[in-house]
Amino acid sequence: MISVIQRVSQARVVVDGATTGEIGAGLLVLVCAERGDGEARADRLLAKILKLRIFADENGKMNRSVQDIGGGLLVVSQFTLAADTSGGNRPSFTNAAAPEEGRRLYDYFVAQARASHPVVQTGEFAAHMQVQLVNDGPVTIPLRVV
């Protein structure tokens, strides 16, 4: 699975004019299931995200995780993370999981996140979403687990 995480002071997702998810300080997690991914990869990705020390401690060093600060997770499906641009100017998305499998793994990831972390909000799978965020830092980190 592939993910891009952004440390945010606030973020929200809007679908058809309605907010589907909103957090204060925490992580915006853009996530994409790729062909061949399964629950084990989703579990490894979530574990990495929850423990990643990218929040400042009392000395201003990135030593605290989202769990340490009690921050939120806003999990948004984004199949375009699997884009392959090596063959020209139009991206190919053949590396992304099939829609049914992508939805299953996204739902699994969200369920596991909710079981492991107290504040988890989401976007809407396969919807056209507007994601609004204030990137804190900015801190943006790509993650891929295999």
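Preceding this paragraph is the structure being described.
Now for a look at the structure at hand. Computed from a predicted model, the values in this text were never measured in an experiment.

**Remarks on the overall build of the protein chain**
Moving on, step 1. The number of helices and strands found in the protein chain is 3 helices and 8 strands.
Moving on, step 2. N-terminal to C-terminal, the α/β element order of the protein chain is β-β-β-α-β-β-α-β-α-β-β.
Moving on, step 3. The C-alpha atoms of the protein chain give a radius of gyration of 15 Å, which matches the 15 Å a tight globule of 146 residues would have.
Moving on, step 4. Expressed as lengths along the three principal axes of its C-alpha atoms, the size of the protein chain is roughly 45 × 35 × 35 Å.
Moving on, step 5. Looking at the protein chain as a whole, 42% of its 146 residues are labelled buried.
Moving on, step 6. Surface exposure of the protein chain reaches about 7,700 Å², of which carbon and sulfur atoms provide 48%.
Moving on, step 7. The averaged location of the 15 negative side-chain charges in the protein chain is 4 Å from the averaged location of its 15 positive side-chain charges.

**Looking at the pattern of salt bridges**
Moving on, step 1. Scanning the entire structure with this criterion turns up 5 salt bridges.
Moving on, step 2. With a shortest N-O distance of 2.8 Å, Asp37 and Arg41 are connected by a salt bridge.
Moving on, step 3. When salt bridges that share partners are traced, they join Glu39, Glu101 and Arg104 into one network.

**Some remarks on unusual backbone geometry**
Note on backbone geometry: most residues besides glycine have negative phi, and most peptide bonds are trans.
Moving on, step 1. The step from Gly137 to Pro138 runs through a cis peptide bond, and the omega angle for that step is -5 degrees.
Moving on, step 2. Here the phi dihedral of Asp16 falls at roughly 50 degrees; this positive angle occurs in a residue that is not glycine.
Moving on, step 3. Position of Asp16 among the secondary structure elements: in the loop between strand E1 (2-15) and strand E2 (18-23).
Moving on, step 4. Judged by relative accessible area, Asp16 falls into the exposed class, the value being 76%.
Moving on, step 5. Phi angles above zero are rare outside glycine, and Ala126 is one such case at about 65 degrees.

**Structural notes on the pairing of E1**
Moving on, step 1. With 11 of 14 residues buried, E1 lies mostly within the body of the structure.
Moving on, step 2. Sheet topology note: the E1/strand E8 (residues 130-144) ladder contains 12 bridges and is antiparallel. Bridge pairing links Gln6 to Thr140 in E8.
Moving on, step 3. Inspection of the sheet shows E1 paired to E2 by 5 bridges, in the antiparallel sense. Within E2, the residue paired with Val15 across the bridge is Ala18.
Moving on, step 4. A loop of 2 residues connects E1 with E2, the two strands running antiparallel in sequence, and Asp16 in this loop sits at a positive phi of about 50 degrees.

**Some remarks on the packing of aromatic side chains**
Moving on, step 1. Considering all chains together, one arrives at 2 aromatic pairs under this definition.
Moving on, step 2. Measuring from ring centre to ring centre gives 5.0 Å for Phe79 and Phe93, while their planes differ by 65 degrees; the resulting arrangement is edge-to-face. Linking Phe79 in the loop between strand E6 (72-77) and helix H3 (99-116) with Phe93 in the loop between E6 and H3, this pair joins segments that are 14 residues apart in sequence.
Moving on, step 3. Given a relative accessible area of 49%, Phe79 falls into the partly exposed group.
Moving on, step 4. Here the aromatic rings of Tyr106 and Phe125 are separated by 5.8 Å at their centres, their planes lie at 40 degrees, and the arrangement is tilted. In this pair, Tyr106 is assigned in helix H3 and Phe125 in the loop between strand E7 (120-122) and E8, connecting sequence segments 19 residues apart.

Reading the values: the criteria
- Residues numbered from 1 in each chain as written.
- Predicted model: local features only at pLDDT ≥ 70, side-chain atom pairs only at ≥ 80, totals over all residues.
- Heavy atoms only, no water.
- Helix = DSSP H or I, 4+ residues; strand = E, 2+ residues; numbered from the N terminus.
- Rg over C-alpha atoms; globule rule 2.2 N^0.38 Å.
- Buried < 20%, exposed > 50% of the residue type's maximum accessible area, 1.4 Å probe, protein only.
- Areas by Shrake-Rupley, 256 points an atom, 1.4 Å probe, with all protein chains shown as cover.
- Lys, Arg positive; Asp, Glu negative; His and termini not counted.
- Charge placed at Lys NZ, Arg CZ, Asp CG, Glu CD.
- Salt bridge = Lys/Arg side-chain N within 4 Å of Asp/Glu carboxyl O.
- Pairing = 2+ DSSP bridges.
- Phe/Tyr/Trp six-rings, centres within 6.5 Å; stacked < 30°, edge-to-face > 60°.

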